[in-house]
Amino acid sequence: MRRLPREIKDQLNQLAQHHQASLFMTLLAIFQVLLYRYTDQKDIVVGTPIANRHYKEIEGLIGFFVNTLALRTTFEGNETFIDVLNKVKETTLQAYQHQDVSFEQLVDQLNVTRELNRNPVFQVIFNFQNASKGAPLTLKQIQAEPFYSSYLIAKFDLSLNIHENEETLEVGIEYATDLFEAGTIERMGDHLKKLIKGIIKNPTQDIQTLSFLTKEEKHQLLIEWNDTKTDYPEDKTCLLYTSDAADE
């Protein structure tokens, strides 16, 4: 679990508002940029849950109406982050208009082949929550209290969970241990934080040039892995043959 301070949260909100987007859209765009930079795949699909309570008639009903949306973003390779954010905003707004279509219907319409070892359409999910944790639930003549549980088995290959509260953004990553090591996920968390800071500093920068490596990783890449100098023993000799000499 990582916490992004109030300063970063406020700056992200300002960036979102300036481009008429939501904090959810902005964080999703950043996450998709990171996935694009990791994989170099120009077609990124990320799933996200939606409450699906946009009808006034069901606002007071008790029940589980959550649906899953598949949000797709294509990358050209020469966009700025603002370009990507605009794409994500347009895709998200269109998805909201069709949130009544169940995910199962979508899978059937796409005629996706079902496989037991993977989820259809997408394998990565983004979950953003801005409801207060532990908020009291008041029901007439019913006493209720929150109950939290965690799954021992990841539902998806990779899940980015961000919870917004008054002071910070809490960031957690759930992953399939068959696919990722703990150290890999730790680095991903560091890269996400570094990428967020870079985008806040210059959102019009080409996404290909946005840096997400830590200082330690840069030093390893530029210094340690390039330290190829070696001392050759002075008491040894070697023969050098030119191509002409070899022909003779």
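Just above sits the structure.
Residues numbered from 1 in each chain as written. Predicted model: local features only at pLDDT ≥ 70, side-chain atom pairs only at ≥ 80, totals over all residues. Heavy atoms only, no water.

This next bit is on the overall build of the protein. Along the protein, the regular secondary structure elements total seven helices and six strands. For the protein, the α and β elements follow one another from N to C terminus as β-α-α-β-β-α-α-β-β-β-α-α-α. A separation of at least 24 residues holds for 65% of the contacts in the protein among residues at least 6 apart in sequence. (Helix = DSSP H or I, 4+ residues; strand = E, 2+ residues; numbered from the N terminus. Contact = heavy atoms within 4.5 Å.)

Let's shift gears to the environment of Leu158. Within the secondary structure layout, Leu158 lies in strand β5 (residues 158-164). Spatially, the C-alpha atoms of Leu158 and Ile173 are 7.2 Å apart, while their sequence positions differ by 15 residues.

The next thing to look at is the side chain of Thr26. When you line up the elements, Thr26 lands in helix α2 (residues 23-39). Given a relative accessible area of 0%, Thr26 falls into the buried group. Leave out the neighbours within four places in its chain, and Thr26 touches Leu12, Leu15, Ala16, Ala21, Phe81 and Leu85. (Buried < 20%, exposed > 50% of the residue type's maximum accessible area, 1.4 Å probe, protein only.)

Bringing the pairing of strand β4 (residues 124-129) into the picture now. Most of β4 sits inside the fold, with five of its six residues counted as buried. With six bridges connecting them, β4 and β5 associate as parallel partners. Residue pairing across strands places Phe128 opposite Ile162, the latter belonging to β5. (Pairing = 2+ DSSP bridges.)

The next subject is unusual backbone geometry. At Asn111, a residue that is not glycine, the phi angle is positive and equals roughly 55 degrees. Structurally, Asn111 can be placed in the loop between α4 (103-110) and β4. Residue classification places Asn111 among the exposed positions, given a relative accessible area of 65%. Of note, Val121 is a non-glycine position whose phi angle comes to about 75 degrees, a positive value. Mapped onto the secondary structure, Val121 falls in the loop between α4 and β4.

Turning our eyes to something else, we now look at the nonpolar core. Residues Phe81 and Phe126 are the most contacted members of the largest nonpolar core, which totals 46 residues. In terms of residue count, α2 provides more of this core than any other element does, twelve residues in total. Ignoring anything within four residues of it in the chain, the contact list for Phe81 reads Leu15, Thr26, Ala29, Ile30, Val33, Ile199, Pro203, Gln205 and Ile207. Counting five residues, the second-largest nonpolar core is a separate cluster that includes Val107, Phe122, Ile125 and Phe156. (Core = buried A, V, L, I, M, F, W, Y, C linked by side-chain atoms within 4.5 Å.)

Summed over the entire model, instances satisfying the criterion amount to seven aromatic pairs. Each ring, one from Phe24 and one from Phe126, has its centre 5.5 Å from the other, and the planes form 40 degrees; the classification is tilted. Placement of Phe24 in helix α2 and of Phe126 in strand β4 is noted, with a sequence separation of 102 residues between them. Exposure remark for Phe126: the relative accessible area of 0% places this residue in the buried category. (Phe/Tyr/Trp six-rings, centres within 6.5 Å; stacked < 30°, edge-to-face > 60°.)

At their nearest, the axes of helix α1 (residues 6-18) and α2 sit 8 Å apart, and the two run at 100 degrees to each other. Put simply, α1 runs roughly perpendicular to α2. Contacts between α1 and α2 involve Leu12, Asn13, Leu15 and Ala16 on the former and, on the latter, Leu23, Thr26, Leu27 and Ile30. Classifying every residue of the contact of α1 with α2 gives six nonpolar, two polar and no charged. (Axes fitted to C-alpha atoms, helices over the stretch in contact; angles between N-to-C directions. Parallel < 35°, antiparallel > 145°, perpendicular 65-115°, else oblique. Nonpolar A, V, L, I, M, F, W, Y, C, P; charged D, E, K, R; others polar.)

All told, the structure shown has nine salt bridges when counted by the stated rule. In this structure, Arg6 and Asp10 form a salt bridge, with 3.2 Å as the shortest nitrogen-oxygen distance. Taken together, the residues span about one helical turn, with Arg6 and Asp10 both in helix α1 at a distance of four residues. Notably, a salt bridge pairs Arg6 with Glu167, separated by 3.4 Å at the nearest N-O pair. Here Glu167 lies in the loop between β5 and β6 (169-175) and Arg6 lies in helix α1, a separation of 161 residues in the sequence. The class for Arg6 is partly exposed, based on a relative accessible area of 37%. Classification of Glu167 by relative accessible area gives partly exposed; the value is 46%. Look at the salt bridges and you will find they share partners, linking Arg2, Glu186 and Asp190 into a network. (Salt bridge = Lys/Arg side-chain N within 4 Å of Asp/Glu carboxyl O.)

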